[in-house]
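Take a look at the letters that make up each chain.
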Amino acid sequence: MKTVIEPFRIKTVEPINFTSRQARIEKIEQAGYNPFLLKAEDVIIDLLTDSGTSAMSTEAWSAMMRGDESYAGARSWYRFESTVKRIFGFKHVIPTHQGRAAERILFSVTLKPGMIVPNNTHFDTTRANIEYLGAKAVDAVCKEGLDPSDESDFKGNMDVEALKQLISTHGTEIIPMVMLTVTNNSGGGQPVSMANIREVSQIARENNIPFYLDACRFAENAYFIKKREPGFADKKVEDIAREMFSYADGCTMSAKKDAFANIGGFLCTNDDALAIQERNLLILTEGYSTYGGLAGRDLEAVAIGLDEVLDENYLLYRIRSTAYVGRKLTDIGVPMVRPPGGHAIYLNAREFVPHLPPLEYPGWALSVALYIEGGIRTVEIGTVMFGYDPETNTERPAKWDLVRLAIPRRVYTQSHMDYVIDIIKDVWEHRTSIRGMKIIEAPRFLRHFTAKFEPLSEK
Ligand code: F0G
């Protein structure tokens, strides 16, 4: 097998600011031991997120110059709308400034306090938007998805028996929609199979419950289906994506992921009455229905990105470069969610630092160690992010403690990733010296973004 190369040349570069270990010890302390509160210029390799951090293409930058900034009915809007309709296939497209704005609008018009929204795994903003409205976000990922070492192909699948159980226990009245997140970001970036999408859709339809996809990483999910699910090897990824959406009644989308855009998103629905309510709320809170909080040039960039992300040379490079990091780390013995997901590697912090109990935030402590050791910024997906229950004001271990290394699209080369692997190896070799953390202050919702921490003293 020949080396899979980056399917692009680099035309513009952005210098990296190198810091010393001592400087990083001071920076992270000043940031309250919260990587979100670091200055980006103090980070060497930024794997905090793959969202809005992608490199755009010459085509996308050129299209931005063509952006039509008319308030209503701009050319850029029609280009955006027709691209979304061609790929996603829904009747109504509602532009938003990012994914969570689409979530807020969708949930605001469909949820009432006490309602329940099942999903394979809710992303943090999805969960928070649901809880903010007094409803309940229920995760129902398949059991393989809960075992970091299980090598199954589609660990993002929903547990359909759990879904049926939920419907029969609570009735359809209080379940305004069923969602599936593709790929399942908070569940290790694992894909969902077409068979599972079809089955979940069928269950939802039989019960007259609308079915939505959280489509942020739809192209990566479609590519996994092509590579792993029987019957799809010869299909175009674009057709696979279209089939995925054909089973849904709508979707939320952050164009900051699988559209390479630095900003943007949309909400889709096939429901005419709902679309009217959503557009009205959009105009009230985001912007007019043909721009939704975006500039014309942003709409152009998203339209170009949605087609580029379906390029199979790109997707081959994308999935293989994540798998490369996964393979190297597995060779060293580093515990992680297997197999690697599409956009990220998820270290299994509970096994990486088993001397730290969940309420000492092993994932958080590991992410701080990665920053100090090599200036790598990552994000905890664990007890800090999901362990606090605002309803009862109590804390419990999340179902797992992971550290996500999200890989921005088309940004870092193989040697950047080799550096990341070297640093993780160093931290792995000194893992017993990593200390737990305690929270000094935290807000009620989405506490990981702004909480402040202190390392626990030596026992
Ligand atoms: N849904 C999923 C699955 C996501 O991963 C995100 C964002 C959103 C919704 C919200 O989209 O940021 O445009 O408002 N995920 C980013 C991440 C922030 O780092 O995983 P947004």
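All values reported here derive from a predicted model rather than from experimental measurement.

1. With respect to the sheet that holds strand S14 (residues 402-406)
Ordered in space as S9-S14-S11, the three strands form an open sheet in which the pairing is antiparallel. Edge strands, defined here as strands with exactly one partner in the open sheet, are strand S9 (344-348) and strand S11 (379-381). Each adjacent strand pair in this sheet contributes to an overall mean axis angle of 35 degrees, direction not counted. Here five bridges tie S9 to S14, and the two strands are oriented antiparallel to one another.

2. What to know about the domain arrangement of the chain
Here the domain parsing of the chain yields domain 1 (21-50 + 311-455) and domain 2 (58-308). Each of domain 1 and domain 2 has a C-alpha centre, and the two are 26 Å apart. Taken together, the contacts link 31 residues of domain 1 with 40 residues of domain 2. Summing the contributions of domain 1 and of domain 2, the shared interface buries around 3,000 Å²; its carbon and sulfur component is 58%. Asp258 is the salt-bridge partner of Arg409, the closest N and O atoms lying 3.1 Å from each other. The tally of links between domain 1 and domain 2 comes to 22 residue pairs in polar contact (both at pLDDT 80 or more). Going through the elements one at a time, helix H12 (312-332), S9 and helix H15 (383-386) are the ones with two or more residues in the side of domain 1 that touches domain 2.

3. Regarding the state of the cysteines
Across all of its chains, the model carries zero disulfides by this definition. With no disulfide of its own, Cys216 lies 9.3 Å from the sulfur of Cys251, the closest cysteine sulfur. Just so you know, Cys251 is unpaired, no disulfide at all, and the nearest cysteine sulfur is the one on Cys268, 4.0 Å from it.

How each quantity is defined
- Residues numbered from 1 in each chain as written.
- Predicted model: local features only at pLDDT ≥ 70, side-chain atom pairs only at ≥ 80, totals over all residues.
- Heavy atoms only, no water.
- Pairing = 2+ DSSP bridges.
- Helix = DSSP H or I, 4+ residues; strand = E, 2+ residues; numbered from the N terminus.
- Axes fitted to C-alpha atoms, helices over the stretch in contact; angles between N-to-C directions.
- Domains from an automatic or database assignment.
- Contact = heavy atoms within 4.5 Å.
- Buried area = accessible area lost by both parts, 1.4 Å probe.
- Salt bridge = Lys/Arg side-chain N within 4 Å of Asp/Glu carboxyl O.
- Polar contact = N/O pair within 3.5 Å; in protein donor to acceptor, adjacent residues only side chain to side chain.
- Disulfide = S-S within 2.5 Å.

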